[in-house]
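Structural overview for review
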There are 2 protein chains.
Amino acid sequence: MTAPQDNPLPKLGIIAGGGALPARLASAAQTAGRAVFVVKLDRHADDPELDQYPGITARLGAAARILDAMRDNACQDVVLAGKVARPSFTAIRPDWRAAKLLMKVGMKALGDDGLLRLVGQELEREGFRLVGAHEILTDLAVSEGVLGTIKPDDQALSDARHGLRVARILGQADVGQGCVVQQGLVLALEAIEGTDEMVRRSANYRRDGVGGVLVKSSKPQQDKRLDLPAIGLTTLEEAHKAGLRGIALLAGGTMIIDRSAVIERADRLGMFVIGIRPEHDGDPEND
Amino acid sequence: MTAPQDNPLPKLGIIAGGGALPARLASAAQTAGRAVFVVKLDRHADDPELDQYPGITARLGAAARILDAMRDNACQDVVLAGKVARPSFTAIRPDWRAAKLLMKVGMKALGDDGLLRLVGQELEREGFRLVGAHEILTDLAVSEGVLGTIKPDDQALSDARHGLRVARILGQADVGQGCVVQQGLVLALEAIEGTDEMVRRSANYRRDGVGGVLVKSSKPQQDKRLDLPAIGLTTLEEAHKAGLRGIALLAGGTMIIDRSAVIERADRLGMFVIGIRPEHDGDPEND
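Now for a look at the structure at hand.

So, on to the overall build of chain A. A tally of helices and strands in chain A yields 10 helices and 13 strands. Relative to its full complement of 287 residues, chain A shows a buried share of 55%. In chain A, once contacts between residues fewer than 6 apart in sequence are set aside, the share between residues at least 24 apart is 75%. Total accessible area on chain A stands at roughly 12500 Å², and carbon and sulfur atoms take up 49% of it.

Attention now moves to the pairing of strand β3 (residues 55–58) of chain A. Residues and elements named next belong to chain A. Side chains Ile56 and Ala58 project from β3 onto a buried face, and the interleaved Gly55 and Thr57 project onto a face without burial. By the bridge criterion, 4 bridges tie strand β2 (residues 36–41) to β3 in an arrangement that is parallel. Paired with Lys40 across the bridge in β3 is Thr57.

Once that is clear, we can look at the sheet that holds strand β8 (residues 185–189) of chain A. Taken in spatial order, the 6 strands of this open sheet run β6-β13-β11-β9-β7-β8 (chain A), and their pairing is mixed. Here the strands that pair on one side only, and so sit at the sheet edges, are β6 (145–146) and β8 of chain A.

With that out of the way, let us pick up the nonpolar core. Counting residues in each nonpolar core, the largest one holds 40 residues, and the members touching the most others are Val186(A), Leu189(A), Val186(B) and Leu189(B). Ignoring sequence-local partners within four residues, the contact set of Leu189(B) consists of Leu170(A), Val175(A), Leu189(A), Glu190(A), Ala191(A), Val166(B), Leu170(B), Gly178(B), Cys179(B), Met198(B) and Arg201(B).

So, about helix α7 (residues 154–172) of chain B. Residues and elements named next belong to chain B. For α7, with 19 residues, the first-to-last C-alpha span of 28 Å sits near the 27 Å given by 1.5 Å per residue. Capping the start of α7 is the job of one residue whose side-chain oxygen sits 3.2 Å from the backbone nitrogen of Gln155: Asp153. In the segment just after α7, Asp174 is the residue with positive phi, at about 60°.

Here we come to the packing of helix α7 (residues 154–172) of chain A against α7(B). Two elements in contact, α7(A) and α7(B), have axes separated by 9 Å at closest approach and are oriented at 155°. In terms of axis orientation, α7(A) runs roughly antiparallel to α7(B). The two elements α7(A) and α7(B) meet at a crossing, and its hand is right-handed. On α7(B), the residues touching Arg165(A), Ile169(A), Leu170(A) and Gln172(A) of α7(A) are Arg165(B), Ile169(B), Leu170(B) and Gln172(B). Its residues placed into classes, the contact of α7(A) with α7(B) shows 4 nonpolar, 2 polar and 2 charged.

The next point concerns the sheet that holds strand β5 (residues 129–130) of chain A. All names here are of chain A. Overall, parallel pairing links the 5 strands, which are arranged β3-β2-β1-β4-β5 in an open sheet. Taken across any chain shown, the strands that pair with only one partner, and hence form the sheet edges, are β3 and β5. Strand direction decides the pairing type here: strand β4 (residues 77–81) and β5, joined by 2 bridges, are parallel. In the sheet register, Val78 faces β5, and the bridge partner there is Leu130.

Take the state of the cysteines next. Summed over the entire model, instances satisfying the criterion amount to 0 disulfides over all chains. Free cysteine Cys179(A): the closest other cysteine sulfur is in Cys179(B), separated by 16 Å.

Our focus in this paragraph is the pairing of strand β2 (residues 36–41) of chain B. All names here are of chain B. Of all 6 residues making up β2, 6 are buried, and the element is well covered by its neighbours. Neither face of β2 is open: one carries Val36, Val38 and Lys40, the other Phe37, Val39 and Leu41, and all of them are buried. In terms of strand pairing, strand β1 (residues 12–16) meets β2 through 5 bridges, oriented parallel. Looking across to β2, one finds that Ile14 is bridged to Val38. In this view, the connection linking β1 to its parallel neighbour β2 by way of helix α1 (residues 21–31) has right-handed handedness.

The next subject is the environment of Ala160(B). Residue and element names in this part refer to chain B. Tracing the chain through its elements places Ala160 in helix α7. Classification of Ala160 as buried rests on a relative accessible area of 0%. The spacing of Ala160 and Pro10 is 150 residues in sequence and 40 Å in space, taken between C-alpha atoms.

Moving on to the pattern of salt bridges. All names here are of chain B. Under the criterion given, the structure shown has 32 salt bridges over all chains. A salt bridge links Arg125 to Glu122, with the shortest nitrogen-to-oxygen separation between them at 3.3 Å. Of this pair, Arg125 and Glu122 are both found in helix α5 (residues 114–125), 3 residues apart, which corresponds to roughly one turn of the helix. Here Arg268 makes a salt bridge to Glu264, at a shortest N to O gap of 3.8 Å.

Mapped onto the fold, Asp77(A) is located in strand β4. Excluding residues that lie within four positions of it along the chain, Asp77(A) makes contacts with Pro10(A), Lys11(A), Leu12(A), Gly13(A), Arg34(A), Arg129(A) and Val131(A).

Time to look at the environment of Val84(B). All names here are of chain B. As for its position among the elements, Val84 is in the loop between β4 (77–81) and α3 (89–92). The class for Val84 is partly exposed, based on a relative accessible area of 37%. In the structure, Val84 is positioned 67 residues away from Gly17 in sequence and 5.4 Å away in space, judged by C-alpha atoms. With near-sequence residues (within four places) excluded, Val84 lies in contact with Gly17, Leu41, His44 and Leu60.

About the thresholds
For every chain, the first residue of its written sequence is number 1, and the numbers climb from 1 along that sequence. Here every chain gets a letter starting at A, and every ligand a number starting at 1, in the order they are written. The predicted nature of this model means local features are confined to residues of pLDDT at least 70 and side-chain atom pairs, given and counted, to a pLDDT of 80 or more, with totals for whole chains, interfaces and linings taken over all residues. Only hydrogens and water are set aside when side-chain values are computed; all heavy atoms of the structure are taken into account. In this text, helices come from DSSP runs of H or I with a minimum length of four residues, and strands from runs of E with a minimum of two, each type numbered from the N-terminal end. Categorising residues by exposure relies on relative accessible area from a 1.4 Å probe, with only protein chains included: less than 20% of the type maximum marks a residue as buried, more than 50% marks it as exposed, and the intermediate range marks it as partly exposed. Here a residue-residue contact requires only that any non-hydrogen atoms of the pair lie within 4.5 Å. For every accessible area listed, the method is Shrake-Rupley and the probe measures 1.4 Å; residues are considered covered only by the protein chains on display. Only when DSSP finds a minimum of two bridges between them are two strands counted as paired. Residues grouped as a nonpolar core are buried Ala, Val, Leu, Ile, Met, Phe, Trp, Tyr and Cys residues, joined through side-chain atoms within 4.5 Å. The length a helix should cover is 1.5 Å for every residue beyond the first. The term polar contact refers here to a pair of N or O atoms within 3.5 Å; inside protein, the definition further demands a hydrogen-donor-capable atom paired with an acceptor-capable atom, and it admits residues adjacent in sequence only when both atoms are side-chain atoms. Only C-alpha atoms enter the line fits that serve as axes; for helices the fit covers just the stretch in contact. Angles between N-to-C directions range over 0 to 180 degrees. For classification purposes, angles smaller than 35 degrees are called roughly parallel, those larger than 145 roughly antiparallel, those between 65 and 115 roughly perpendicular, and all remaining angles oblique. Crossings are classed by handedness, with left-handed meaning an anticlockwise turn of the near helix from the far one by less than a right angle and right-handed meaning a clockwise turn. Residue classes follow a fixed rule: Ala, Val, Leu, Ile, Met, Phe, Trp, Tyr, Cys and Pro count as nonpolar, while Asp, Glu, Lys and Arg count as charged, and any other residue, Gly among them, counts as polar. Throughout, disulfides are identified as pairs of cysteine sulfur atoms within 2.5 Å of each other. Here, the term right-handed applies to a crossover whose path from the first strand over the helix to the second runs clockwise when the strands point away from the viewer. Note on definitions: salt bridges are taken to be side-chain nitrogens of Lys or Arg within 4 Å of carboxyl oxygens of Asp or Glu.

Here you go:
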């Protein structure tokens with residue numbers, strides 16, 4: 001339905017994991033008059049909306065098949081989007097291409113993002129241009145400040161700042177970038193379980209008094225084109241159920257999927273959503 | 001039964017939280033001919049063995065009562081031992097003495113160990129000598145190397161080293177010092193839930209292939225006299241149930257309670273227990 005323009009946008013390959021983001025990207029790209037080709041990652045991509053776009057389903061380990069399909073379908077830009085739980089080496093069942101890639105780094109040394117970075121580098125080496133989800137859906141990015149009508153109080157702000165500090169330190173170790181903080185106390189740290197699971201767990205360790213804050217950050221060294229941490233309606237609802245009072249997101253380093261719906265719902269639930277920045281963005285040694 | 005010696009050891013005050021460690025300390029001190037006085041922290045101290053020693057039960061927030069009781073009973077040395085889950089400000093119900101203490105730092109800014117450090121400082125200011133559990137029960141400390149008969153293989157060693165790095169970085173943020181690593185992947189990070197709970201959870205995220213490793217560290221800035229991280233038989237059994245292959249402990253920075261029983265049981269379960277040190281103990285900039 002999208003007729004080629006005089007100066008058509010390059011075709012977009014979408015390597016799709018779980019959640020709503022990949023289909024949002026496909027839809028936004030098509031609306032902008034751009035052709036898309038979707039690689040649905042087997043056992044990860046779970047949004048039925050994706051089925052309406054041309055593409056294939058492939059195992060995470062089928063690197064050769066994925067690269068060939070994207071080349072054969074004339075993709076120029078590639079975006080990686082959606083949740084991908086890193087499987088064990090055995091579960092990846094790497095083809096020769098994936099195995100060659102994995103051997104470059106050694107599975108032992110891989111942190112949570114090591115694999116992703118590697119995939120990004122390899123796509124560029126193969127001649128594709130890697131683009132970030134926030135470059136296609138520009139309203140995904142989180143800006144600094146209060147995003148809805150509810151403002152955090154002093155305790156909530158203090159919890160948010162403490163959580164951001166903890167999450168940034170966590171990021172140095174290339175592990176999860178989320179935590180829940182209540183009254184200065186870190187109730188839960190995110191590893192591989194994902195944000196929603198961590199938020200649910202935090203309810204078991206909730207203290208009396210004012211509720212806590214969910215904090216999401218990205219790793220200091222994170223490539224913004226690769227899988228920026230994202231929250232959406234589900235996370236907001238889970239945070240509400242767990243008794244949290246709001247969500248603090250690293251400005252410029254996280255995304256909100258379905259932003260207007262999330263903000264509207266947060267307002268209705270009496271929860272704040274804020275974009276914050278680290279207190280010392282520069283060198284902490286300089287005072 | 002312990003007659004005073006010519007040069008008697010100073011009386012030991014034990015501020016007791018949960019688990020088996022406080023009673024072990026009391027018993028070891030008495031065996032060494034030393035009088036003890038036990039402050040059982042209400043809702044924390046849970047070992048019935050403690051009831052045989054002179055002492056009182058006091059709320060965590062009853063600082064004046066605790067200090068007075070220890071002074072009235074002529075304690076000179078004081079040891080803090082056992083698990084204490086940090087409650088909310090409301091649950092502490094601070095007396096005037098505790099409130100004064102808490103106001104010094106502000107509850108907002110307290111990390112998991114902030115409160116403990118503060119209590120330690122205050123005890124010293126009040127003229128007590130703060131001693132570490134490992135100074136009384138010298139076999140608690142973990143030395144470097146394989147502690148039982150089972151040796152970790154290369155993957156397990158690599159997981160242990162990665163986990164130690166992650167745990168040390170976590171410690172910089174003054175949060176939990178434990179994690180579970182399997183095949184290079186951090187399955188779980190410890191916040192406030194405690195080691196056993198974290199180990200149980202890690203089983204939900206277990207990957208195919210060889211099992212993971214529980215790693216316990218202490219915080220880089222941790223005062224060794226205050227609550228060094230400890231494992232015992234319960235943690236070992238939980239680790240076994242969760243499919244882990246062994247436990248790696250920071251040498252010189254963690255404790256094993258009931259060491260010989262733990263090692264014997266680990267040998268029987270086919271699990272390793274090792275003491276390890278960070279790879280760069282010195283300045284990481286020097287290569």
